[in-house]
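One-letter residues, chain by chain:
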Amino acid sequence: MTLPLETKEPLLRNFADVLEKDGWTFDGNGPNEKDRDLLVHFHYVITEFKKTKLEYREIIKDITAKMSNGMADYAINAEHNENGVETIKDYDLYCHYVAGLVGEGLTRLFVESKFGNPALLDRPHLHESMGLFLQKTNIIRDVHEDWEDKRRFWPKEIWSKHVDNFEDLFKKENQEAALNCSSEMVLDSLTHAPECLFYLAGMKEQSVFNFAAIPQAMAIATLELVFRNPLIYERNVKISKGHACRLMVQSTQNLQVLCEVFRDYARRIHKRNSPKDPNFLKISVACAKVRNHNTYRNLSNNR
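Residues numbered from 1 in each chain as written. Predicted model: local features only at pLDDT ≥ 70, side-chain atom pairs only at ≥ 80, totals over all residues. Heavy atoms only, no water.

## Observations concerning the pattern of salt bridges
And step 1. Inspection of every chain in the model, using the stated rule, returns 25 salt bridges.
And step 2. Linking Lys66 and Asp62 is a salt bridge whose minimum nitrogen-to-oxygen distance equals 3.4 Å. Within this pair, Lys66 and its partner Asp62 are both found in helix H5 (residues 54–80), separated by four residues, close to a single helical turn.
And step 3. Assessed through its relative accessible area of 35%, Lys66 is described here as partly exposed.
And step 4. The exposure class of Asp62 is partly exposed, given its relative accessible area of 28%.
And step 5. The structure contains a network of salt bridges with shared partners spanning Asp62, Lys66, Glu104 and Arg108. (Salt bridge = Lys/Arg side-chain N within 4 Å of Asp/Glu carboxyl O. Helix = DSSP H or I, 4+ residues; strand = E, 2+ residues; numbered from the N terminus. Buried < 20%, exposed > 50% of the residue type's maximum accessible area, 1.4 Å probe, protein only.)

## Description of the confidence of the model for the protein
And step 1. Of the residues in the protein, 95% reach a pLDDT of 70 or more, and the chain-wide mean stands at 92.
And step 2. Here residues 295–303 is modelled with pLDDT under 50, and outside its nearest four sequence neighbours on either side it reaches 20 contacts, counting other chains as well. (pLDDT = per-residue confidence, 0-100. Contact = heavy atoms within 4.5 Å.)

## A short note on the packing of aromatic side chains
And step 1. The full count for this structure, using the stated rule, is 15 aromatic pairs.
And step 2. Ring geometry for Trp147 versus Phe170: centroids 4.0 Å apart, planes at 10°, classification stacked. Taken together, the residues span a long stretch of sequence, with Trp147 in helix H8 (residues 143–148) and Phe170 in the loop between helix H9 (156–159) and helix H10 (175–190) at a distance of 23 residues.
And step 3. For Trp147, a relative accessible area of 32% corresponds to the partly exposed category.
And step 4. Look at Phe170 and you get buried, because its relative accessible area is 16%.
And step 5. Ring geometry for Phe170 versus Tyr233: centroids 5.5 Å apart, planes at 85°, classification edge-to-face. Of this pair, Phe170 sits in the loop between H9 and H10 while Tyr233 sits in the loop between helix H12 (206–226) and helix H13 (241–251), placing them 63 residues apart in sequence. (Phe/Tyr/Trp six-rings, centres within 6.5 Å; stacked < 30°, edge-to-face > 60°.)

What follows is the structure, given as structure tokens:
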């Protein structure tokens, strides 16, 4: 965020090539940037990257090129668009670049290493949902922090139904409208949950299943935490460390237990769903899809 576009764009466009440059580092971003240390010591990343199998390096470099160019396109748009993300389609595309592509890359690595079912490569919508579910949940949770940093990821197509200006979401007198807006954002994220579970049925090795399952369990719990929670407009809310530890233990047992975790949080969301919410019925249907018993039996058989 501290770099001007004229500096940032060429760095992004060519970032995949950096992986081949021994000793490359970057210290031009601000001292408080969260990823500064990673860039200052990026030569360690390059060293480790070059130790991996050629097949893995090709996948990583390909995903890096797609992601960095997508982010360059987004940076150009953000420079000239005061509303941030305009449409739900644009929102999905942004989340694809920063998370959906991660899902694609990991899936290709899992399959290449024989730890994932090759059929996953024929169903890209599944790994896309894995990434988008995580990213969208984080964007809802971080709305106050992003607003303070002058970033807007919530699409205007959604928030403009509830308030005239984005900043109105953070005014106490608009709390009911703000809660309805955030619940519509949760609805959008929740629609990805069933496909995440179908994806996880394709994991063939326990440690890889754990790696993929833990963030998804954290996401569904976070989604329940932020649902119709006015505190998201005041500060960053997070599940407690104890809660996170319990989720890690539960989600790494097996697919059936993870499915029960999703069912539990979908039930909690449904319980707090308000009949006054304009999306009451849609949210109820989305929760019912997550709780569908036939889905879980089929997944268990595939596991």
